[in-house]
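Spelled out, the chains give:
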Amino acid sequence: MIKEGWEVVIGLEIHAQLSTESKIFCGCSTRFGDEPNSNTCPVCLGLPGALPVLNWRAVELGARAALALGLELNGRSVFARKNYFYPDLPKGYQISQYDQPFSERGELEMMTSVRDESGHAREWKPMKVRILRLHLEEDAGKNVHEGLPETDRFSYVDLNRAGTPLAEIVTEPDFRTSWEAYDYVNHVRRALQWVGASEADMEKGNLRCEANVSVRRTGEGFGTKVELKNLNSVRFMQKAIEFEIERQIELIESGGRVSQETRLWDDHLGETRVMRSKEEAHDYRYFPEPDLPPLVLPEGFAERVRAEMPELPEARRARFMDEYGLSYPDASQLTSGRALADYFERAAKASENARAASNWIRSEVLRELEAAGRGAEESPVAPEELGALVRLVDGGKISGKQAKDVLVEMFRTGKTASAIVEEQGLAQVSDAGEIERIVSEVVAANPKQLEQYRAGKESLLGFFVGQVMKASQGKANPKLVNETLLKKLKG
Amino acid sequence: MLSVVAGRDERDATTADVAVPDYASHLTGDARGARIGVPRALFGEGLDAGVRASVEGAIGVFRDLGAEVVDVELPHAKYAIAVYYIIATAEASSNLARYDGVRYGFRAEEAPELRSMYRRTREEGFGAEVKRRIMLGTYVLSSGYYDAYYLKAQQVRALIKRDFAGALDSCDAILTPTSPTTAFRLGEKTDDPLAMYLNDIYTVTANLAGVPAVSVPCGLSGEGLPVALQLVARHWDEATMLRLADAYERAAPFDARPRVCATD
């Protein structure tokens, strides 16, 4: 919780790697984990005379990302050089965008929640976030200081990543808590994955974020902001912001001043520490990249990209509620990923009972998938097979309880529901004649209980049901058994 | 050679997808009716008398060939040197950043750490003129100076472009000297870079405007040093430019031998 009398202001920058096959300004592969420096050429090595040529696929994926986050595309944007020296930056400048970015003026609605002590969400509420801009740029390479000979004397440079396309997404300072920031990053990750713009996997480093954090006494102007880096997971980011809020408030309350600086999160120590102060800040000397013409989008480009994009999560959630009668929380859960939403929709169609399909997926299917560490797209049980299972239950072939066991078996063996029901002889007996025969036998075999029942001891119904189920080896349709028994017992 | 390098290059995003004509077929030797624009305002201060005489002679040759000589105005051309040395050095300061000793080329020995390796490599590896340009270019792009220098220069460059487009509406080619003086002695102006830069006045002006230009020898100065004229044409109109240059060369073949001497 934030201390009484204080307000926190947080802005976020996200760098997301766009899922192109090749780099943004040359034809080299963007594959991760290859032999160091194997995916390089004169362009991304910064050899003299080699020139950048824009990869149009990066523009399309950048446009998908921008549209998915509610940004407007600028018909004309300009690449700019950001100049600084670092060994992982072969040209001595990064090709980025500056005063005329690819897209601007975004606003998105996301869900956020306060958390209890153990980090569990309490109540999800919608929140609007303004996004200042999304621009395109190239990534730098990577310096390697470990795992190679003589690292006490040498550092190594791997330029496989140099020139990988990135979208930099910058928000307005709209967040007031670390959890809002946390929920935003997860929202962006899902949106980028959903439209296929980025894998947005922080572990692989294809999504990175930086946070600008400042505090102020309620009602005052903005405080001095501190930039936080080295936030290697969404959780680290949340913890780093939380630490930074406390540090800044304590500092000011004890008479100190926050200095404008960049700080790194150290997860082992659980604290942030200074990386560089404002005085050491770079002057990047941005200027328009003379080797590239302005990026001019063809007429109708945004509409074309939008038409190629899958239905967005928010729209799909609304449709699930409308079309399938799902509740808001259920529809939200089923649209938390595109594969899951696809899975639900196919299962809903095959089952002819969308509510039941939703219940099965949100409980049993997700539990099985989670246990196996798989996504919905890798489910060993096809959505159509789940639909078939739901139909077996709805058609009275098997009971709901049996169906749970059948589903576990389907996940274990990959067999269809009807095959398992057949194999294990689980099919319910729903033949009225057959049930009537068993019921008659059972009633005839227990005259004493029949007499007691007729004398008013109606609780004996359970006894008769048990006997009938036993006689049918558990296969009799319980509903039919009940009905038939009631008739017979009354005489 | 021009017909080989001209046109779209898939590996150079700054090239245009414009059809390349057969330049040679335009070399007819015919300059009749061509309009040659002369920006008299640029023939003033700093123009060597011998250069002026040679170029005036060349203008006479065009008249004799049946071309019409007209006056043109390039009001912003006088800022061209300032504009050029801001934009060119800005680009150079960034273009040369890759010579940092990390991946290739010269690297200073025994630097104790990264920053000093960078500093020493660039201190030892670059010559005086290159360093001067890197410093100038870094300065004009620096925070607080960008608007006053680089941005302003780009704005003036746009005006120079407009000047040329306007002037070339009323003529087929603009004729100037290639250089205001003949060759100076080796090392003579090393201590006065500004005087050296001023020699580029006519050539860099065309470069800033982005229009094609060709230099043609047109005589010897009083000291026997070669003089050349420059013809500047419209965008994508190299064919006319080369036709006029060729017509001039045929009418006034340059067979004089310049006085070349190492010491004097």
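The model shown is predicted, which means the values in this text are computed figures rather than measured ones. Every chain's residues receive numbers from 1 upward, in the order its sequence appears when written. Here the convention is simple: chains get letters from A, ligands get numbers from 1, in the order in which they are written. For this predicted model, a pLDDT threshold of at least 70 governs which residues receive local features, and a threshold of 80 or more governs which side-chain atom pairs are given and counted, while totals over whole chains, interfaces and linings are taken from all residues. With hydrogens and water excluded, all non-hydrogen atoms of the structure serve as input to the side-chain values.

(A) Geometry of the overall build of chain A. For helices the rule is a DSSP run of H or I covering at least 4 residues; for strands it is a run of E covering at least 2, with both sets numbered from the N terminus onward. Counting secondary structure elements, chain A contains 15 helices and 16 strands. Summarising its shape, the C-alpha atoms of chain A cover approximately 100 × 55 × 55 Å along the three principal directions. Whether two residues are in contact is decided by their heavy atoms, any of which lying within 4.5 Å being enough. If you take every contact in chain A between residues at least 6 apart in sequence, the share linking residues at least 24 apart comes to 69%. In this description, accessible areas are obtained by the Shrake-Rupley approach with a 1.4 Å probe, and a residue is regarded as covered only by the protein chains that are shown. For chain A, the accessible area works out to roughly 24,100 Å², and carbon and sulfur atoms hold 49% of it.

(B) Here's a closer look at the domain arrangement of chain A. Here the domain parsing of chain A yields domain 1 (6-296), domain 2 (315-423) and domain 3 (432-490). Per the annotation, domain bounds derive from an automatic or database assignment of domains. The gap between the C-alpha centroids of domain 1 of chain A and domain 3 of chain A is 70 Å.

(C) Just the domain arrangement of chain B, in detail. Residue and element names in this part refer to chain B. In terms of domain boundaries, chain B breaks down into domain 1 (1-72 + 170-264) and domain 2 (78-169). Each side of the interface is counted separately: domain 1 has 23 residues, and domain 2 has 17 residues. Taking both partners together, domain 1 and domain 2 bury about 1,800 Å²; carbon and sulfur atoms supply 72% of that area. Two parts lose some accessible area (1.4 Å probe) when they are put together, and adding that loss for both gives the buried area. Sorting the residues of domain 1 by area buried against domain 2 places Ser170, Tyr197 and Leu208 first, and these three jointly supply 39% of that buried surface. Any Lys or Arg side-chain nitrogen found within 4 Å of a carboxyl oxygen on Asp or Glu counts as a salt bridge. Where domain 1 meets domain 2, there are 0 salt bridges. N or O atoms within 3.5 Å of each other form a polar contact, as long as, within protein, one can give a hydrogen and the other can take it, and as long as residues adjacent in sequence are counted only when both atoms are side-chain atoms. Summed over the shared surface of domain 1 and domain 2, the result is 6 residue pairs in polar contact (both at pLDDT 80 or more).

(D) Expanded view of the sheet that holds strand β2 (residues 68-71) of chain B. Residues and elements named next belong to chain B. Following DSSP output, two strands are said to pair if at least two bridges run between them. A sheet is described by the order of its strands in space; here 5 strands give the open sequence β2-β1-β3-β5-β4, paired in mixed fashion. Sheet topology places β2 and β4 (213-220) at the edges, where each strand pairs with a single neighbour. Each strand of the sheet is rotated relative to its neighbour by a mean of 30°, with strand direction disregarded. Direction of pairing for strand β1 (residues 35-38) relative to β2: parallel, over a ladder of 4 bridges. Looking at β2, one finds that Gly37 is bridged to Val70. Those strands touched by helix α9 (residues 238-251) are β1, β3 (173-177), β4 and β5 (226-233), and its axis lies near 15° from that of β4. Axis definition: a line fitted to C-alpha atoms, limited for helices to the stretch in contact. Angles are taken between N-to-C directions and run from 0 to 180 degrees.

(E) Structural context of the packing of aromatic side chains. Ring pairs shown here join Phe, Tyr and Trp side chains whose ring centres sit within 6.5 Å, with only the six-membered ring taken for Trp; geometry is labelled stacked below 30 degrees between planes, edge-to-face above 60, and tilted in between. Using the criterion set out here, one finds 22 aromatic pairs over all chains in the structure. For the pair Tyr139 of chain B and Tyr149 of chain B, a centre-to-centre distance of 5.6 Å together with 55° between the ring planes defines the contact as tilted. With Tyr139 of chain B in helix α5 (residues 128-141) and Tyr149 of chain B in helix α6 (residues 147-167), this residue pair connects regions lying 10 residues apart in the sequence. Any Lys NZ or Arg CZ that is within 6 Å of a ring centre and within 35 degrees of that ring's normal is treated as a charge sitting over the ring. Between Arg81 of chain A and the ring centre of Tyr93 of chain A, over which it is positioned, the NZ or CZ distance is 4.0 Å. Directly above the ring of Tyr284 of chain A sits Lys82 of chain A, whose terminal nitrogen or CZ lies 4.4 Å from the centroid.

(F) Spotlight on the interface of chain A and chain B. Counting from both sides, the interface comprises 28 residues of chain A and, opposite them, 26 residues of chain B. Both sides together, the interface formed by chain A and chain B hides about 2,200 Å², and carbon and sulfur atoms give 57% of it. Summed over the three residues of chain A that lose the most area to chain B, namely Phe85, Arg285 and Phe287 of chain A, the buried surface amounts to 28% of that side. Across the contact surface, chain A and chain B share 0 salt bridges. Where chain A touches chain B, the interface holds 12 residue pairs in polar contact (both at pLDDT 80 or more). Those elements giving two or more residues to the side of chain A that touches chain B turn out to be β4 (79-83) and β15 (287-288) of chain A. A per-class count over the side of chain A that touches chain B returns 19 nonpolar, 4 polar and 5 charged. Nonpolar residues are Ala, Val, Leu, Ile, Met, Phe, Trp, Tyr, Cys and Pro. Charged residues are Asp, Glu, Lys and Arg, and all others, Gly as well, are polar.

(G) Focus on the nonpolar core. Core analysis: the largest hydrophobic core is formed by 105 residues, its most contacted members being Leu69, Tyr184, Leu192, Phe344 and Leu389 of chain A. If one sorts the elements of this core by residue count, helix α2 (residues 178-194) of chain A sits on top with 9 residues. Counting residues domain by domain, this core receives three or more from each of domain 1 (6-296) and domain 2 (315-423) of chain A. Filtering out sequence-adjacent residues up to four positions away, Tyr184 of chain A remains in contact with Leu12, Ile14, Leu108, Met110, Val129, Ile131, Ile169, Thr171 and Phe175 of chain A. Buried residues of nine kinds, namely Ala, Val, Leu, Ile, Met, Phe, Trp, Tyr and Cys, make up a nonpolar core once their side-chain atoms join them within 4.5 Å. For every residue, the accessible area (1.4 Å probe, protein chains only) is compared with the maximum for its type, and the residue is labelled buried under 20%, exposed over 50%, or partly exposed between those bounds. Of all hydrophobic cores here, the second largest spans 62 residues; its members include Ala90, Tyr146, Tyr150 and Val216 of chain B.

(H) Quick peek at the packing of helix α5 (residues 313-324) of chain A against helix α7 (residues 338-351) of chain A. Residues and elements named next belong to chain A. α7 packs onto α5 with a crossing angle of 15° between their chain directions and a minimal axis gap of 12 Å. With respect to α7, the axis of α5 lies roughly parallel. Here the hand of the crossing between α5 and α7 comes out left-handed. Contact with α5, carried on its side by Arg316, Arg319, Phe320, Glu323 and Tyr324, involves Arg338, Ala341, Asp342, Phe344, Glu345, Ala348 and Lys349 of α7 and no other residues of that element. Here the residues of the contact of α5 with α7 sort into 5 nonpolar, no polar and 7 charged. Orientation labels follow simple angle bins: below 35 degrees gives roughly parallel, above 145 gives roughly antiparallel, 65 to 115 gives roughly perpendicular, and whatever is left gives oblique. Take the far helix as your reference; a near helix turned counterclockwise from it by less than a right angle gives a left-handed crossing, and one turned clockwise gives a right-handed crossing.

(I) Layout of the sheet that holds strand β12 (residues 226-231) of chain A. Residues and elements named next belong to chain A. Read across the open sheet, the 9 strands follow the order β2-β6-β7-β10-β1-β11-β12-β13-β14; overall the sheet is mixed. Each edge of the open sheet is held by one strand with a lone partner, namely β2 (72-73) and β14 (271-277). By the bridge criterion, 4 bridges tie strand β11 (residues 207-217) to β12 in an arrangement that is antiparallel. Along β12, the bridge assignment pairs Asn212 with Glu227.

(J) Spatial organisation of the packing of helix α2 (residues 49-64) of chain B against α9 of chain B. Residues and elements named next belong to chain B. One can describe the packing of α2 onto α9 by two numbers: an axis separation of 10 Å at closest approach and a directional angle of 100°. The orientation of α2 with respect to α9, classified from their angle, is roughly perpendicular. From α2, Ala58, Val61 and Phe62 reach across to α9, where they touch Leu244, Tyr248 and Ala251. Across the contact of α2 with α9, the residue classes break down as 6 nonpolar, no polar and no charged.

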